[in-house]
Amino acid sequence: KNKFYFTQFLIKSTIMKKIIPVSFWVCFFLFIKNTSNAQQAASEVLQVLTFKTETVSSIMQRQQLAPVKVTRLRPELEGPERKNLPQNPFSKPLPTYPAVSGGNTGFAGAGASSLISGTSFNGVTGPTETGAFPPDDMGAIGPTQYIVAVNGRLRSFNKTTGVADAVMNVDPDVFFASVMTPVGGSVTQVFTSDPRIRYDRYSARWIIVIIDVPIDGSGNTPVANRVMIAVSNSSTITGATVWTLSQFIGQANTFFDYPTLGVDINGIYIGGNMFSLAGSFARTNGYVINRANVMAGGAYTVYSFTNLATGAVAGPYTPQGVDNFDLTATQGYFVGVDVLNNR
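Residues numbered from 1 in each chain as written. Predicted model: local features only at pLDDT ≥ 70, side-chain atom pairs only at ≥ 80, totals over all residues. Heavy atoms only, no water.

1. A closer look at the sheet that holds strand β15 (residues 242-249)
Across the sheet, which stays open at both edges, the five strands sit in the order β4-β15-β14-β13-β12 with antiparallel pairing between neighbours. Across the chains shown, the open sheet's two edge strands, defined by having one partner strand only, are β4 (52-55) and β12 (189-200). Direction aside, neighbouring strands of the sheet carry axes that sit 25° apart on average. Packing of helix α1 (residues 56-65) onto the sheet brings it into contact with β4 and β15, and relative to β4 it is tilted by some 80°. (Pairing = 2+ DSSP bridges. Helix = DSSP H or I, 4+ residues; strand = E, 2+ residues; numbered from the N terminus. Axes fitted to C-alpha atoms, helices over the stretch in contact; angles between N-to-C directions. Contact = heavy atoms within 4.5 Å.)

2. Some thoughts on α1
Restricting attention to buried positions, one finds in α1 the residues Val56, Ile59, Met60 and Gln63. Down the axis of α1, the buried side of the element spans an arc of 95°, and every buried residue falls inside it. Turned more than 90 degrees from where α1 packs its buried face, Gln61, Gln64 and Leu65 sit exposed. On its buried face, α1 sits against β4, β10 (153-158), β11 (164-170), α2 (172-175) and β15. (Buried < 20%, exposed > 50% of the residue type's maximum accessible area, 1.4 Å probe, protein only. Arc of directions from axis to C-beta.)

3. Things to note about the environment of Ala66
Mapped onto the elements, Ala66 comes out in the loop between α1 and β5 (72-73). Under the relative-accessibility criterion, Ala66 is labelled partly exposed at 28%. Separated by 108 residues in the primary sequence, Ala66 and Val174 place their C-alpha atoms 7.6 Å from one another.

4. What to know about the pattern of salt bridges
Scanning all chains against the criterion turns up four salt bridges. Salt-bridge contacts for Arg155 lead to Glu129; the nearest nitrogen and oxygen are separated by 2.4 Å. With Arg155 in strand β10 and Glu129 in the loop between β6 (116-126) and β7 (132-133), the pair connects residues that are 26 residues apart, well separated along the chain. A salt bridge links Asp200 to Arg291; the nearest nitrogen and oxygen atoms lie 2.9 Å apart. A residue pair is termed long-range when its members are at least 10 positions apart, and Asp200 in strand β12 and Arg291 in helix α3 (residues 291-295) qualify at 91 residues. (Salt bridge = Lys/Arg side-chain N within 4 Å of Asp/Glu carboxyl O.)

5. So, the nonpolar core
Grouped together as the largest cluster of nonpolar side chains are 29 residues, with contacts concentrated most on Ile207, Ile229, Phe248, Ile270, Ile289 and Tyr300. For this core, the secondary structure elements donating two or more residues are β13 (205-215), β14 (226-232), β16 (254-257), β18 (267-276), β19 (281-290), α3 and β20 (300-310). At five residues, β13 tops the list of elements feeding residues into this core. Membership of the second largest hydrophobic core comes to 26 residues, among which are Ile59, Phe176, Val179 and Ile237. (Core = buried A, V, L, I, M, F, W, Y, C linked by side-chain atoms within 4.5 Å.)

6. Digging into the sheet that holds β10
One key point about sheets: their strands pair by backbone hydrogen bonds, in either a parallel or an antiparallel sense. With antiparallel pairing, four strands are arranged side by side in an open sheet as β8-β9-β10-β11. With partners counted over all chains shown, the strands left at the sheet margins are β8 (138-141) and β11, one partner each. Sheet twist, expressed as the average angle between the axes of neighbouring strands with direction ignored, equals 15°. Bridge analysis of strand β9 (residues 145-150) against β10 gives six bridges, and the strand direction is antiparallel.

7. Digging into the side chain of Thr301
With respect to the element layout, Thr301 can be found in strand β20. When sequence neighbours within four positions are dropped, the list of residues in contact with Thr301 reads Val45, Leu46, Gln47, Val288, Ile289 and Asn290.

8. Remarks on the confidence of the model for the protein
Scored by pLDDT, the protein has a mean of 82; 79% of the residues are at 70 or more. Per-element mean pLDDT across the protein ranges from 34 in strand β1 (residues 5-14) up to 97 in β14. Here residues 1-22 is modelled with pLDDT under 50, and outside its nearest four sequence neighbours on either side it reaches 67 contacts, counting other chains as well. Low pLDDT (under 50) marks residues 104-110, which in the prediction has 10 contacts with non-local residues, meaning those over four places away or in another chain. (pLDDT = per-residue confidence, 0-100.)

9. Some words on the packing of aromatic side chains
Enumeration over the complete set of coordinates arrives at 11 aromatic pairs. Residues Phe248 and Tyr287 carry aromatic rings whose centres are separated by 5.6 Å and whose planes lie at 50° to one another, so their mutual orientation is tilted. With Phe248 in strand β15 and Tyr287 in strand β19, the pair connects residues that are 39 residues apart, well separated along the chain. Tyr287 carries the same exposure label as Phe248, and that label is buried. Relative to Tyr317, the ring of Phe281 lies with its centre 5.7 Å away and its plane at 70°, an arrangement referred to as edge-to-face. Taken as a pair, Phe281 in strand β19 and Tyr317 in strand β21 (residues 316-321) lie far apart in primary sequence, 36 residues in all. (Phe/Tyr/Trp six-rings, centres within 6.5 Å; stacked < 30°, edge-to-face > 60°.)

10. Some thoughts on unusual backbone geometry
Phi at Tyr258 takes a positive value of approximately 50°, unusual for a residue other than glycine. When you line up the elements, Tyr258 lands in the loop between β16 and β17 (262-263). Using a relative accessible area of 37% as the deciding quantity, one classes Tyr258 as partly exposed. Even without being a glycine, Asn307 presents a positive backbone phi close to 60°. With respect to the helices and strands, the residue Asn307 is situated in strand β20.

Listed below in structure tokens is the structure:
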């Protein structure tokens, strides 16, 4: 049975606040002199030297020649079971939302939504349009555009009207083709998954992060997958915009899943859940990159912080890189729910 989704995006004028007591882990890194020194020593240090550059126009020309994609349903990898985790003994008795049955939320108006919609528009229809499921929807707002990033489609919109501006409308497989894992040997097919996008207000550039999924003839993952990064050279995407693309492997003999993305004045923060190539959860990792080097389009260094959490050691599950707009910031953060506790 085919499943269809509509990814709809709302530009909100008022957002309801929710208080959710969850046990969080926060990892932070101290930047000193170009981020070469961190709060803790990196487990691995990798220098990325190889880059590809392409204009939006050339990418869109390649998209016009791309074959129609057959719908793919990607199974989701499962992390540690969280249904029966113990309560954190240090958790404070804070109000929750939504309310527990028969309980008290502890603050007024918890059951009433104060959401007021502004511009509303359909971003992507799938999987008929994208050839992918689930969508893993994501988007970001720049000075003049809203860019949708979902599995199977990157699309730009006029942010005021919500109308697709026809500048960028491309399959991520086509967009990132130059830096994806090459087909050959045990790899018979490769596709992209789990996009993340930010508009970097410090440099007036766009950043897109995504992983690839190399598979063999049986649908298994035979090699470690890649984390791919694309950076624009302009704040408004046009046909002449140049994207600089690069890639790195998160960890040898490991599948990097569900990448996250955070940006501050110093760094780019990419977190992820790490699985064995057979599909069992192994650990969570965080990766820290000097933002200025990436934006300059030159070589950059990836500082890997492995084993932030494992199935047996407490730490952040799906560590989320944190956006911070403080121009004087000297620390960068990952945040995530405790892998061993519910709250």
